[in-house]
Amino acid sequence: MKLVMAVVQGKDVEGLMTALRAANYRATQINSSGGFLRENNVTVMTGVDDTQVPDVFRLIHDNCYTRTQYVNPLLPIMEPGEFYMPNPVEVQVGGATVFVLPVVRYERIMPQAAGGTRAGASA
Ligand code: 2BA
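Residues numbered from 1 in each chain as written. Predicted model: local features only at pLDDT ≥ 70, side-chain atom pairs only at ≥ 80, totals over all residues. Heavy atoms only, no water.

*Asks:* Where do I start with the nonpolar core in this structure?
*Replies:* One broad trend across soluble globular proteins is that nonpolar side chains are buried collectively. Counting residues in hydrophobic clusters, the biggest one holds 17 residues, and the most contacted among them are V8, L16, L20, V44, V56 and I60. At the level of secondary structure, the elements contributing two or more residues to this core comprise β1 (2–9), α1 (10–22), β3 (40–48) and α2 (53–63). Of the residues forming this core, the biggest block, five residues, is contributed by α1. For I60, the contacting residues outside a window of four places in its chain are V4, A6, L16, A96 and V98. (Core = buried A, V, L, I, M, F, W, Y, C linked by side-chain atoms within 4.5 Å. Buried < 20%, exposed > 50% of the residue type's maximum accessible area, 1.4 Å probe, protein only. Helix = DSSP H or I, 4+ residues; strand = E, 2+ residues; numbered from the N terminus. Contact = heavy atoms within 4.5 Å.)

Right, here's the structure in full:
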């Protein structure tokens, strides 16, 4: 089994999650942000059989797009009275940054509460 972790842009996550659900993959999304742009992105985690990894990559490929972003470089140290005109730098973001990790153990722990209600829950 493998854990596929894909860092995707927020604009693409709805399409990707819909495609994963439609193909019967379980997925969890975690709000994250990149260390470079400091912008919000989303990390999608999917646990799948080894043989399904290429199919998950296909869905990511089909639903995540490359976009151009502009970054303002850090201000240089300036003398009083000096004027600095920031020159934004262009970077390409995405489609997705994907990590595939081996899963040592996968378990869904689903104990049933006595009487069908949660322990400690009041009636
Ligand atoms: P960010 O760190 O905000 O990076 C956004 C984009 O800025 C990157 O797009 C890349 O084009 C550019 N970039 C990042 N660091 C740079 C640097 N030191 N110099 C020049 N340009 C730089 P992507 O490569 O598509 O990455 C999108 C997001 O995926 C990243 O957002 C980060 O959240 C995540 N990511 C990328 N590589 C990663 C890694 N090795 N480990 C963990 N997360 C990663």
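*Asks:* What should I look at first to understand α2 in this one?
*Replies:* Side chains three or four residues apart in an α-helix point the same way, a direct result of the helix having 3.6 residues per turn. Taken together, the buried positions of α2 are V53, V56, L59, I60 and N63. The buried side chains of α2 occupy one side of the element, clustering within an arc of 120 degrees when seen end-on. Along α2, the residues that are exposed and aim more than 90 degrees away from the buried face are P54 and H61. In the core, the buried residues of α2 are packed alongside β1, α1, β3 and β6 (96–102). (Arc of directions from axis to C-beta.)

*Asks:* Any chance you could explain the environment of A23 here in plain terms?
*Replies:* Its location among the elements puts A23 in the loop between α1 and β2 (28–33). Looking at A23, the relative accessible area reads 32%, which means it is partly exposed. Counting along the chain gives 22 residues from A23 to M45, while the straight-line C-alpha distance between them is 15 Å.

*Asks:* What's the story with the site of the ligand in this structure? I'm lost.
*Replies:* If you check the shell around the ligand, you find V7, G34, G35, F36, L37, N41, Q92, V93, G94, T97 and F99 and nothing else. Taking L37, its main chain carries an N or O atom lying 2.8 Å from an oxygen atom of the ligand. In isolation the ligand offers 750 Å² of accessible surface; the protein chains occlude 52% of this area. (Near = heavy atom within 4 Å. Polar contact = N/O pair within 3.5 Å; in protein donor to acceptor, adjacent residues only side chain to side chain. Areas by Shrake-Rupley, 256 points an atom, 1.4 Å probe, with all protein chains shown as cover.)

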